[in-house]
Amino acid sequence: MKKLLAALLAGGLMIIPAAHAQDKEGEAASPSPQAAAPAPSESEVTSNVAGDEAAAEEGEHETPHYPLKRPAELAWTFAGPFGHWDLQQLQRGYKVYKEVCAACHSMELVAFRNLEALGYSEDQVKAIAGDYTVTDGPNGDGDMFERPAIPSDHFPSPFANPEAAAAANNGAAPPDLSLIAKARAVERGFPRFVFDTVTQYQEAGPDYIHALLTGYGQNPPPGTVIQPGTHFNPYFIGGPALAMPPPLSADAVTYDDGTPGTVDQYARDVSSFLMWAAEPHLVERKATGFVVMLYLLIFAALVYLVKKRVWANTPH
Ligand code: HEC
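Residues numbered from 1 in each chain as written. Predicted model: local features only at pLDDT ≥ 70, side-chain atom pairs only at ≥ 80, totals over all residues.

A.B. asks: Would you mind going over the UniProt feature "binding site: heme c" (unreviewed entry) in the chain with me for this structure?
C.D. replies: Using the residue numbers shown here, the UniProt feature "binding site: heme c" (unreviewed entry) corresponds to Cys101, Cys104, His105 and Met244. These annotated residues cover 144 residues of sequence, and their C-alpha atoms all fall within 10.6 Å of one another, placing them together at a single site. On the neighbour-count criterion, Cys101 (22 C-beta atoms within 10 Å) is buried. Position of His105 among the secondary structure elements: in the loop between helix 4 (87–99) and strand 1 (107–111). Not counting residues within four places of it along the chain, the set of residues in contact with His105 comprises Pro174, Asp176 and Leu177. (UniProt positions renumbered as here; feature names shortened; annotations may be inferred. Buried ≥ 20, exposed ≤ 12 C-beta atoms within 10 Å, placed from the backbone. Helix = DSSP H or I, 4+ residues; strand = E, 2+ residues; numbered from the N terminus. Contact = placed C-beta atoms within 7 Å.)

A.B. asks: Mind showing me how you'd approach the site of the ligand here?
C.D. replies: The environment of the ligand is formed by 24 residues, the closest being Cys101, Cys104, Ala243, Met244 and Pro247. Element by element, the count of residues in the shell around the ligand is highest for helix 9 (residues 204–214), at three residues. Classifying every residue of the shell around the ligand by side-chain character gives 20 nonpolar, three polar and one charged. (Near = placed C-beta within 6 Å. Nonpolar A, V, L, I, M, F, W, Y, C, P; charged D, E, K, R; others polar.)

A.B. asks: I'm lost on the nonpolar core in this one. Help?
C.D. replies: In summary, soluble globular proteins display a tendency toward joint burial of nonpolar side chains. Counting residues in hydrophobic clusters, the biggest one holds 42 residues, and the most contacted among them are Ile209, Leu212, Val270, Phe273, Leu274 and Ala277. When residues of this core are traced back to their parent elements, those giving at least two are helix 4, strand 1, helix 7 (180–183), helix 9, strand 6 (241–242) and helix 10 (263–278). Here the element with the most residues in this core is helix 10; it accounts for nine residues. Those residues in contact with Leu274 that sit more than four places away from it in its chain are Leu177, Ile180, Ala181, Pro206 and Ile209. (Core = buried A, V, L, I, M, F, W, Y, C linked by C-beta atoms within 7 Å.)

Below, the structure written as structure tokens:
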């Protein structure tokens, strides 16, 4: 038996390097222009074109890796097992969303009444909803009609349909922001993703949004081709540049609580707000999770004691 095992192991050790070598041969055999411009995957077709050209120009025989820079890890109040929402910050973030981002981005999964969780009273929510107009109907005559929104309505899209949104933004429709904080995360790579399971790092979304919003205005590396109508941003996950112009500028939004209006502050606040929009029950989830882990630990100890007791009189 032992011999068989040893033979199998040795066989494995022989086969793995051999397979590796074959891979290498395959790479070397393929003509170099193909290696310089590999077929882009479906979703990256448009955004990767410029990057591939850049790589070809530089003579790099690999697909450029996006984003060009990794987002910094920021300190969020909602991070970690005992995280909490900073309601003041969420209200500021909502203000940034309302006054800046909502011009282009919808948030169709969030209802006005959800804003009560940010500390707004029922009347304040009614007033916020009343500022929006939504299409309702059909009425008795079969016609759609417009009316002021009520708290149970959802944030409407600023555009009539995705085609209109794309046409107004150089062909790229601004994505709905309801879930964006959970939909975007930059690959962490080994060994970081292993440590993340221990440190419970779950803030890749807000880190990314903050980095993206503050990452404009840098110089592209030589050879990068920026398509007309797009803006270089080394933190963009889909290519070297994106169709969103830099949305934030200093003092664009006036905070009621006297917090200074810097681009960094706006980006932090709106990223927190978008995290809340994507996962409003994050804090409850973590609090419940902690109690569940505690319960399981105590339960495990009890089960062990019971096992000892049950088998106490059985001779080994
Ligand atoms: C002038 C219109 C406009 C404004 C204002 C705007 N955006 Fe955008 N945004 C866009 C467009 C267009 C895209 C799609 C870009 C692309 O795919 O090339 C986009 C994409 C995004 C993305 C997704 C990037 C990705 O990884 O795919 C995020 C996140 C985002 N915007 C956040 C915001 C936030 C937060 C604000 C407010 C501070 C904001 N945007 C304001 C037009 C806008």
